Amino acid sequence: MHCVLRKLTNSISRSQFRTKIVGFRSYCSNKVVVDIGQPTPASHPKLLKDGEITPGISSDEYIERRKKLLDLLPEKSLAIIAAAPVKMMTDVVPYTFRQDADYLYITGCQQPGGVAVLGHDIGLCMFMPEVKLYDVTWQGQIAGVEAALDTFKADKAYPMRKLREILPDMLRGSSKLFHNTQTATSTYTELEAFQKLVYCNNVRDLSVYTHQLRWIKSPAELKLMKEAASIACQALLLTMLHSKTYPFEGMLAAKVEYECRMRGAQRMGFNPVVGGGPNASVIHYSRNDQKIKQGDLVLMDVGCELHGYVSDLTRTWPPCGSFSSSQEELYELILETNKRCVELCKPGASIREIHNYSVDMLQKGFKEIGLLKNGGSSSYHKLNPTSIGHYLGMDIHDCSMVSFDAPLKPGVVITIEPGVYIPSSYNCPERYRGIGIRIEDEVLITETGYESKVTNVVVTQVLTASIPKEVKQIESLLNNFCNGMGVENQNNMRATFS
Ligand SMILES: [Mn+2]
């Protein structure tokens, strides 16, 4: 390819070159590998099997999702899902693009600028951004109408400029419209036909239905969820080992991200929380800019994203290698609560029930050790204002339209994350002040509940089980397996971070 390009550039002017190079790319695309701006089985054979639209998810599964969504929608209704918008960091620098989970779930398309329409008569109709020479030169190829039909298996596809002509007719023929309110764009909301439906109170949020579908994961989705959890576990384990030599919040955040991405994750699911000492009591602490004091605990809440599916887990440990007696006392209470709540995860139970159980257990424990004097829930909330967990999937707080009262079903993944967050100024015995602990696992609900014995093999559903949480395991890990880890660069790196 390079040598052909050189020949081209020698014989033409610069502006001609730009036109030719784009032409050349699309010429190539017919013969060799179609570049649609995201991995395909042809361009990334190691990442995608034949028949997959995104890694691990086949076109049949995407088609099945659309069918199921249409089955949920009332007759004569239409669904509109726009892609996520590009968010800018400065006027010309965009943040890394992340596709809206509903748009990705229905189309498999990873790029901004598209609008997907789903209807009982039309099937999936994709309005695609148009390929402009300028954009191709600066940003590379994108998926257009052809990709919508060939790769994403849309039933119909049009360039975006046709939306104003075609969508109003579709809207006029529909009695109800459901749309993704998170990504609603003036491209369609300004249409008169849309406004008319709003005026007649016939426009609703589609996420009630998409979240219902996304709530229960398919075997293919679970495979990705397990892989995302496994990557985060491996990364956090290595970061734990790293923490003894490098007890710096920023370095541990960098380490965990590096290890996740080296294992194939596209990005972190959220900015890692690395809270040393009292910083652990800030639930979503993200400054990650301090040194962890000798003897303090560090809390790390991390998760990565793998092909659209995220993980989310938390461990708390003393980088020095041993828990103090007050740290251990609190840690054991949180650990016991974590284990009891994990056991409650089975079909029919709800997050709310498990949450209430955890509040009772923690409240009792806090009273026993003198952290809580009266039984008032407001004092309890000062020590733990969080929910015991949330649904997990394509988003960190996945399927927010599904109630925490919903009876859990096989195929749902939730987090179990009890914790205690004691501010330094809290009115309690001094030895507990400034301690923050959270132990978070991911639990997959299966038919059999927490675990089942099938031919003597224990089938466990804790997706984050591979990372230790017992005091003895953590101390042994830090004291027996950290020696000599990267000591040679220690001084240089400390100079950077302290
Ligand atoms: Mn969580």
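- By the naming in an unreviewed UniProt entry, the chain goes by Aminopeptidase P N-terminal domain-containing protein and is assigned to Arachis hypogaea.
- What the UniProt record of the chain gives under Cofactor (unreviewed entry) is the line "Mn(2+)".

## Some thoughts on the overall build of the chain
Reasoning step 1: A count of helices and strands for the chain gives 17 helices and 20 strands.
Reasoning step 2: Buried positions account for 40% of the 498 residues belonging to the chain.
Reasoning step 3: Here the analysis covers contacts within the chain between residues at least 6 apart in sequence; of these, 69% occur between residues at least 24 apart.

## A word on the environment of histidine 284
Reasoning step 1: Here histidine 284 shows up in the loop between strand 10 (273–276) and strand 11 (298–302).
Reasoning step 2: Between the alpha carbons of histidine 284 and valine 274 there is a distance of 9.2 Å; along the sequence they are 10 residues apart.

## As for the packing of helix 7 (residues 163–172) against helix 9 (residues 192–199)
Reasoning step 1: Close contact between helix 7 and helix 9 brings their axes to 8 Å; oriented N to C, the two are set at 25°. Relative to helix 9, the element helix 7 lies roughly parallel. Within the contact between the two elements, helix 7 uses Pro168, Leu171 and Arg172 and helix 9 uses Glu192, Ala193, Phe194 and Leu197.
Reasoning step 2: Residues of the contact of helix 7 with helix 9, tallied by class, amount to 5 nonpolar, no polar and 2 charged.

## Notes on helix 10 (residues 207–215)
Reasoning step 1: Buried within helix 10 are the following residues: Ser207, Tyr209, Thr210, His211 and Arg214.
Reasoning step 2: Structurally, helix 10 contributes buried residues whose contacts are with helix 3 (59–72), helix 4 (101–107), strand 7 (176–179) and strand 8 (203–205).

## Notes on the sheet that holds strand 14 (residues 313–317)
Reasoning step 1: Strand order in the open sheet made by the 3 strands is 10-11-14, with antiparallel pairing throughout. Edge positions in the sheet fall to strand 10 and strand 14, since each of these pairs with one other strand and no more. Taken pair by pair, the neighbouring strands of this sheet meet at an average axis angle of 10°, ignoring direction.
Reasoning step 2: Where strand 11 lies against strand 14, 5 bridges are found, and the strand directions are antiparallel. Its bridge partner lying in strand 14, valine 302 is registered against leucine 313.

## A word on unusual backbone geometry
Reasoning step 1: A positive phi angle, close to 60°, is found at lysine 76, a residue other than glycine.
Reasoning step 2: Mapped onto the elements, lysine 76 comes out in the loop between helix 3 and strand 3 (77–82).
Reasoning step 3: Look at lysine 76 and you get exposed, because 12 C-beta atoms sit within 10 Å.
Reasoning step 4: You will see that asparagine 288, though not glycine, has its phi angle at about 45°, which is positive.
Reasoning step 5: Mapped onto the elements, asparagine 288 comes out in the loop between strand 10 and strand 11.
Reasoning step 6: Exposure remark for asparagine 288: the 20 C-beta atoms within 10 Å place this residue in the buried category.

## Quick notes on the nonpolar core
Reasoning step 1: Ranked by internal contacts, the top residues of the largest apolar core, which has 117 residues, are Met126, Ala228, Ala232, Leu236 and Ile437.
Reasoning step 2: Shared between two domains, this core holds at least three residues of each, these being domain 2 (33–213) and domain 3 (217–497).
Reasoning step 3: If sequence neighbours within four positions are ignored, isoleucine 437 has contacts with Ala280, Leu297, Leu299, Thr316, Leu330, Tyr331, Ile334, Gly419 and Val420.

## Some points on the sheet that holds strand 13 (residues 309–310)
Reasoning step 1: Strand order in the open sheet formed by 3 strands is 9-12-13, and the pairing between neighbours is antiparallel. Whereas interior strands pair on both sides, the edge strands pair on one side only; in this sheet they are strand 9 (267–268) and strand 13.
Reasoning step 2: For strand 12 (residues 304–306) and strand 13, the ladder comprises 2 bridges, and the chain directions are antiparallel. Bridge pairing in strand 13 links glutamate 305 to valine 310.

## Description of the pairing of strand 10
Reasoning step 1: Burial along strand 10 is two-sided: the face carrying Val273 and Gly275 and the face carrying Val274 and Gly276 are both buried.
Reasoning step 2: In the sheet, strand 10 pairs with strand 11 via 4 bridges, with the strands oriented antiparallel. For valine 273, the partnering residue across the bridge sits in strand 11 and is aspartate 301.

## Examining the pairing of strand 15 (residues 413–416)
Reasoning step 1: Residues Val413 and Thr415 of strand 15 are buried on one face, and the alternating residues Ile414 and Ile416, pointing to the opposite face, are buried as well.
Reasoning step 2: In the sheet, strand 15 pairs with strand 18 (residues 441–444) via 4 bridges, with the strands oriented antiparallel. Looking at the pairing, valine 413 lines up with leucine 444 of strand 18.

## Section: the environment of aspartate 50
Reasoning step 1: Along the chain, the position of aspartate 50 falls in the loop between helix 2 (14–31) and strand 1 (52–54).
Reasoning step 2: Spatially, the C-alpha atom of aspartate 50 lies 8.6 Å from that of threonine 40, the residues being 10 residues apart in sequence.

## Some thoughts on the confidence of the model for the chain
Reasoning step 1: Averaged over all residues, the pLDDT of the chain equals 90, while 88% of them reach at least 70.
Reasoning step 2: Here residues 1–29 is a poorly scored stretch, pLDDT under 50, and it has 14 contacts once near neighbours within four places are set aside; other chains count.
Reasoning step 3: Contacts for the low-pLDDT stretch residues 486–498, under 50 throughout, to residues beyond four places or in other chains number 9 contacts.

## Digging into the packing of helix 13 (residues 325–343) against helix 14 (residues 351–368)
Reasoning step 1: Between helix 13 and helix 14, the least distance of the axes is 10 Å, while the angle of their chain directions is 155°. The orientation of helix 13 relative to helix 14 falls into the category roughly antiparallel. When you trace helix 13 past helix 14, the crossing you get is right-handed. For the pair formed by helix 13 and helix 14, the contact residues are Leu333, Thr337, Arg340 and Cys341 on the first element and Ile354, Tyr357, Ser358, Met361, Leu362 and Gly365 on the second.

## Observations concerning the environment of asparagine 427
Reasoning step 1: Considering the arrangement of structural elements, one finds asparagine 427 in the loop between strand 16 (419–421) and strand 17 (436–438).
Reasoning step 2: Distance in space between the C-alpha atoms of asparagine 427 and leucine 371 is 8.3 Å, their sequence separation being 56 residues.

Parameters at a glance
Residues numbered from 1 in each chain as written. Predicted model: local features only at pLDDT ≥ 70, side-chain atom pairs only at ≥ 80, totals over all residues. UniProt positions renumbered as here; feature names shortened; annotations may be inferred. Helix = DSSP H or I, 4+ residues; strand = E, 2+ residues; numbered from the N terminus. Buried ≥ 20, exposed ≤ 12 C-beta atoms within 10 Å, placed from the backbone. Contact = placed C-beta atoms within 7 Å. Axes fitted to C-alpha atoms, helices over the stretch in contact; angles between N-to-C directions. Parallel < 35°, antiparallel > 145°, perpendicular 65-115°, else oblique. Nonpolar A, V, L, I, M, F, W, Y, C, P; charged D, E, K, R; others polar. Pairing = 2+ DSSP bridges. Core = buried A, V, L, I, M, F, W, Y, C linked by C-beta atoms within 7 Å. Domains from an automatic or database assignment. pLDDT = per-residue confidence, 0-100. Left-handed = near helix turned anticlockwise from the far one by under 90°.

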